[in-house]
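# Coordinates in review
Okay, here's what each chain looks like letter by letter:
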Amino acid sequence: MAKKISSSVGKGGANFLEDVKTIQKLLNAAGASPQLEVDGKCGPKTYGAIAQFQQKNLGFSDGRVDVPGKTLNALIGAQKPGVAQPPEKPEKPDKPQNTEKPEGLSPLRQKIIAIAQQQAMPPPGKVSDLVTMKDPATGKVMRKGWQQLQRFFDEAVSGWTPNHWKDPKILAGVQIPGRRIPQPGTSGVSWCGIFATWVLIEAGMKVKWGLGKGINLPIKGDQNFRAGDVCIKKGDRVHHFIPITDGDPMQTVNGNSDNQSILIKPLARSQVAYYYQVD
C-alpha cells in the first residue's frame, strides 16, 4: 500500500485524486468505521474519518492530513495487518476530461502552454504554501518557491522596483506561508493575474500587469477563447487562469490557487466571464 502523498488531504487540502485514495486506504487499514469507499473524492465521510482518527490517536481533530505531519505519521504507524480494503471505485467523471493537445495553435500559444504547465509541475507547483522550508540564516519558515513568486512581481508588474522589497511587510508577503503583499482595501495582492502575465512575458510578449488594472491587452467578452489565452473566471472573486486545452471542460493552469499554489484544474467553458486574447 502506498504511504506517500504529494499534498494535503482533507478539509482545506489540495485533495489530489491519488493522494485522497492513499489516505482513504490508510484510514481503512487503521480501522475506520464504517470503511471508506476508495474513490479519491474527499467529502464529509473522509473528513469525518480523518477527524475521528485524529481525536482518538492525537487529541485534536482538524480533519486534514498534511505533508509532512503528525497525522500522516500516525496513520502509517497504525496500520492493522489483514484489513480487507473495499475495491477502488473506477473513475467516472461527469464529463470526459479533455487532455488532448489542441490542434492548430500558433507557436506563441504552444509556448505559453508549455511554460504554464512547467510552473505547475510537480504538484503543487513551483510556488505553494503546502511545502515549506526553514531559512538556515533566520530560522523563519518560508513558503516553497518564494523567490519565484518574487520574480513574478519583479518581471511582470508595471512600475515594480527592487526598492519594494526593502519594506519588511512586502517581503514577508512573498516569503511567509499564508501571507500576501499588502494592498489597501483588500486582504492582500492576489497574484493569479500577475502569474499569467509573467507566463506571457516568458513566451515573448511585451505586456505588463498594472496593479488594480490588469494586463495591458484588450479584453474580450465572447466565447472564442482558446488554449493559451488568459481567462477570467465568473464570480465575486476575480481569478485569472490559462487554459491549456480546448473543449469542455478545459484543463487550466491557475496561479495563486488553493494554498497559494500553481495548480492544473478542469474548468467548464461556461465559467469564463471574459478573456485576454494573446494573438
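Since this is a predicted model, take the numbers as computed values, not measurements. (Residues numbered from 1 in each chain as written. Predicted model: local features only at pLDDT ≥ 70, side-chain atom pairs only at ≥ 80, totals over all residues. Heavy atoms only, no water.)

## Points about a nonpolar patch on the surface
Together, Ile-219, Val-238 and Tyr-274 line one region of the surface with nonpolar side chains, adding up to about 250 Å² of accessible area. Of note, Tyr-274 is situated in strand 12 (residues 272-276). (Patch = residues over 30% accessible without salt bridge, like charges linked within 9 Å, V, L, I, M, F, W, Y side chains within 5 Å. Areas by Shrake-Rupley, 256 points an atom, 1.4 Å probe, with all protein chains shown as cover. Salt bridge = Lys/Arg side-chain N within 4 Å of Asp/Glu carboxyl O. Helix = DSSP H or I, 4+ residues; strand = E, 2+ residues; numbered from the N terminus.)

## Section: the packing of aromatic side chains
Summed over the entire model, instances satisfying the criterion amount to seven aromatic pairs. Their ring planes at 55° and their centres at 4.9 Å tell us that Phe-152 and Trp-198 sit as a pair that is tilted. In this pair, Phe-152 is assigned in helix 5 (residues 146-156) and Trp-198 in helix 7 (residues 192-202), connecting sequence segments 46 residues apart. Comparing Phe-152 with Trp-198 shows no difference in burial state: the two are buried. Ring pairing ties together the aromatic residues Phe-152, Trp-191, Phe-195 and Trp-198, which thus form one cluster. (Phe/Tyr/Trp six-rings, centres within 6.5 Å; stacked < 30°, edge-to-face > 60°. Buried < 20%, exposed > 50% of the residue type's maximum accessible area, 1.4 Å probe, protein only.)

## Some remarks on the sheet that holds strand 7 (residues 219-220)
Reading across from one edge, 7-12-8-9-10-11 is the order of the six strands in this open sheet, with antiparallel pairing throughout. Both edges of this open sheet fall to strand 7 and strand 11 (263-267), since each of them pairs with a single strand only. Two strands pair when backbone bridges link them, and strand 7 and strand 12 are joined in this way by two bridges, in the antiparallel orientation. Bridge pairing links Ile-219 to Tyr-276 in strand 12. Strands strand 8 (230-233), strand 9 (240-243) and strand 10 (250-254) of the sheet are contacted by helix 7, whose axis makes an angle of about 40° with strand 9. (Pairing = 2+ DSSP bridges. Contact = heavy atoms within 4.5 Å. Axes fitted to C-alpha atoms, helices over the stretch in contact; angles between N-to-C directions.)

## Here's the deal with the packing of helix 5 against helix 7
Angle between the axes and distance between the axes: these two values describe a pair of packed helices. Between helix 5 and helix 7, whose axes approach to 9 Å, the crossing angle comes to 70°. In terms of axis orientation, helix 5 runs roughly perpendicular to helix 7. On helix 7, the residues that touch Gln-148, Arg-151, Phe-152, Phe-153, Glu-155 and Ala-156 of helix 5 are Ile-194, Phe-195, Thr-197, Trp-198, Ile-201 and Glu-202. Classifying every residue of the contact of helix 5 with helix 7 by side-chain character gives seven nonpolar, two polar and three charged. (Parallel < 35°, antiparallel > 145°, perpendicular 65-115°, else oblique. Nonpolar A, V, L, I, M, F, W, Y, C, P; charged D, E, K, R; others polar.)

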